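Tertiary structure, described
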Amino acid sequence: MDNYKDLFVWGYVQKTVPSCVPFVLHDSHCSLETACDYMHADSAVFMNSTHKMDELCPELLHYLDGRNIVCGLTHGAYKECAEKVSLISLQFPNITGAIIDDFLDEHGRYKGPSAGMTPPELKEVRDALRKHNPDLKLYVVRYTRQNPEDLIPYLPYFDVLNLWVWCSTKDYWTANYRDTIAELIDRYDKPIMQGLFIHHYGFSNFGESPAMDMDLLETQCERISMELRLKNVNALCILQNGWFSEITHRKQVQFVKDFVDWHYGTTTERR
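What comes next concerns the included structure. These figures come from a predicted structure and were not determined experimentally. (Residues numbered from 1 in each chain as written. Predicted model: local features only at pLDDT ≥ 70, side-chain atom pairs only at ≥ 80, totals over all residues. Heavy atoms only, no water.)

Remarks on the overall build of the protein
If you tally the helices and strands in the protein, you get 8 helices and 10 strands. Across its three principal directions, the C-alpha atoms of the protein cover 50 × 45 × 45 Å. Intrachain contacts of the protein at a sequence separation of at least 6 include 73% that bridge at least 24 residues. Within the structure as shown, the protein displays about 12,500 Å² of accessible surface, and the carbon and sulfur contribution to it stands at 50%. Of the side-chain charges in the protein, 27 are positive and 38 negative, and the distance between the mean point of each set is 3 Å. (Helix = DSSP H or I, 4+ residues; strand = E, 2+ residues; numbered from the N terminus. Contact = heavy atoms within 4.5 Å. Areas by Shrake-Rupley, 256 points an atom, 1.4 Å probe, with all protein chains shown as cover. Lys, Arg positive; Asp, Glu negative; His and termini not counted. Charge placed at Lys NZ, Arg CZ, Asp CG, Glu CD.)

Right, here's the structure in full:
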C-alpha cells in the first residue's frame, strides 16, 4: 500500500525500545517510524530536536528515510536550531521544514517558551532556516483558544499554520470548526495542517491517561475529512507515537487508522 500524501505523525524516534517518550506516562514500544508505518503516513513531525538539539542527527533521522520530515526547533534556541536544520537538510533532502511548538502560547499565568517573540525575531528564525536551503518551510503551532489577531504581524515570516484544538468539545467541532477554518483562511492565506489528538490533554492532569472520547474523536475525523476534501485544510497530523502502543489508547489508534484508510482510500485526486 502506498503511503498517504499529506498525512503526518507527530512524535519521537526512540534510541532504545521500549523507552520513555515525552508527555506519555509509560515506556513506549512504538517509535515514530513504526507509527508512520502503521498509519501509512508519508510524513513525520520529528520532535526529538525540540527538547535536545543534539538529537537532530543522522543516527535518528535515518529511521525516517523515505518520508518527508518537519523538524522541531529547540525551545530557547530557535535560530540556532533552524540553521542546523538548514545545514543537515543538505544531507537529508527529505527534510522539508521546521516547526515551532506552542508558538506565542500564553494561557492564564502560563507563558510558553516563545511567548514575547517579536516578528523580527521570527524573521531571523526563518532566515536561518533558509540559510543553506531556501526551499524549507517554517511551521508554527497555534491553538483555537489563542486570539487569531495576534498572529497578523507574523504572517510574512512563517509558511504553514499547524492548528490544534486543546479542549475539544463535540459542540465546537459540529458548530464552529468550519467557521474557524474559513476565518483563518481569510485572515492568513496560509496552508493549514490540522492536528488531531488521540489523548485528551486539554481535559487531563499529569498522571492521568484520558484517551480522547470515541464519539468526540469520530466527530473530529468527520469534520477534518470534509475540510481536507474541500482543500480548506491541506494536511492532517496525528499526535503522537508514544500513545500508539498504550492499551488505554488502542481503540482510538485503531479507529484513526481505519478512518484515514477510508478517507484517503476513497478520495480520488485528479491533477
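Examining the sheet that holds strand β7 (residues 137-143)
Spatially, 8 strands are ordered β1-β2-β3-β4-β7-β8-β9-β10 in a closed barrel, and the strand pairing comes out parallel. Averaged over all pairs of adjacent strands, the angle between their axes in this sheet comes to 25°, without regard to strand direction. Pairing of strand β8 (residues 160-164) with strand β9 (residues 192-197), which is carried by 3 bridges, proceeds in the parallel orientation. Bridge pairing links Leu161 to Ile192 in β9. (Pairing = 2+ DSSP bridges. Axes fitted to C-alpha atoms, helices over the stretch in contact; angles between N-to-C directions.)

A short note on the layout of surface pockets
Estimated volume of the largest pocket: approximately 620 Å³. Among the secondary structure elements, those contributing two or more residues to the lining of the largest pocket are α2 (48-51) and β7. Taken together, the residues of the lining of the largest pocket break down into 14 nonpolar, 8 polar and 5 charged. Taken as a whole, the second largest pocket encloses approximately 370 Å³ of empty space. Listing elements by their share of the lining of the second largest pocket, those giving two or more residues are β1 (4-11), α7 (214-229) and α8 (250-265). Counting residues per element, the lining of the second largest pocket draws most heavily on β1, which supplies 3 residues. A class-by-class count of the residues in the lining of the second largest pocket yields 4 nonpolar, 5 polar and 6 charged. (1 Å grid on protein atoms, 1.4 Å probe; cavity = no way out; pocket = protein on both sides within 12 Å on 5 of 7 lines; lining within 4 Å. Points joined across faces, edges and corners; volume = space filled by probe spheres on them. Nonpolar A, V, L, I, M, F, W, Y, C, P; charged D, E, K, R; others polar.)

A closer look at the nonpolar core
Met39, Leu73 and Val85 are the most contacted members of the largest nonpolar core, which totals 92 residues. Those residues within four positions of Val85 in sequence are excluded, and the remaining contacts are Leu56, Cys71, Leu73, Ile95, Gly97, Ala98, Leu129 and Leu136. (Core = buried A, V, L, I, M, F, W, Y, C linked by side-chain atoms within 4.5 Å. Buried < 20%, exposed > 50% of the residue type's maximum accessible area, 1.4 Å probe, protein only.)

Quick look at the side chain of Glu246
Note that Glu246 resides in the loop between β10 (235-239) and α8. Buried charge without a partner: Glu246 forms no salt bridge, and the closest opposite charge is Arg250, 12 Å away. Ignoring sequence-local partners within four residues, the contact set of Glu246 consists of His26 and Asp27. (Salt bridge = Lys/Arg side-chain N within 4 Å of Asp/Glu carboxyl O.)

Side note on the packing of aromatic side chains
Here the structure, examined in full by the defined rule, presents 14 aromatic pairs. A centroid spacing of 5.5 Å and a plane angle of 80° characterise the contact between Trp10 and Trp164, whose relative ring orientation is edge-to-face. Of this pair, Trp10 sits in strand β1 while Trp164 sits in strand β8, and the two are 154 residues apart along the sequence. Residue Trp10 is classed as buried on the basis of its relative accessible area, which comes to 5%. In this structure an aromatic cluster arises from ring pairing among Trp10, Tyr143, Trp164, Trp166, Phe197, Tyr201 and Trp243. (Phe/Tyr/Trp six-rings, centres within 6.5 Å; stacked < 30°, edge-to-face > 60°.)

As for helix α1 (residues 32-39)
Of the positions making up α1, those classed as buried are Leu32, Glu33, Ala35, Cys36 and Met39. For α1, the buried positions fall inside an angular range of 160° around the axis, keeping them on one side. Next to the buried residues of α1 lie β1, β2 (41-46), β10 and α8. Once α1 finishes, His40 follows within two positions and takes phi at roughly 55°, a positive value. (Arc of directions from axis to C-beta.)

Comments concerning the pattern of salt bridges
Evaluation of the coordinates by the stated rule reveals 15 salt bridges. Salt-bridge contacts for Lys131 lead to Glu83; the nearest nitrogen and oxygen are separated by 3.0 Å. On the criterion of sequence distance, the pair formed by Lys131 in the loop between α5 (119-129) and β7 and Glu83 in helix α4 (residues 78-88) is long-range, its members being 48 residues apart. The class of Lys131 is exposed, set by a relative accessible area of 53%. The partner of Arg178 in a salt bridge is Glu227, with the nearest N and O atoms 2.8 Å apart. Note that Arg178 is positioned in helix α6 (residues 170-188) and Glu227 in helix α7, a separation of 49 residues in sequence. A relative accessible area of 3% places Glu227 in the buried class.

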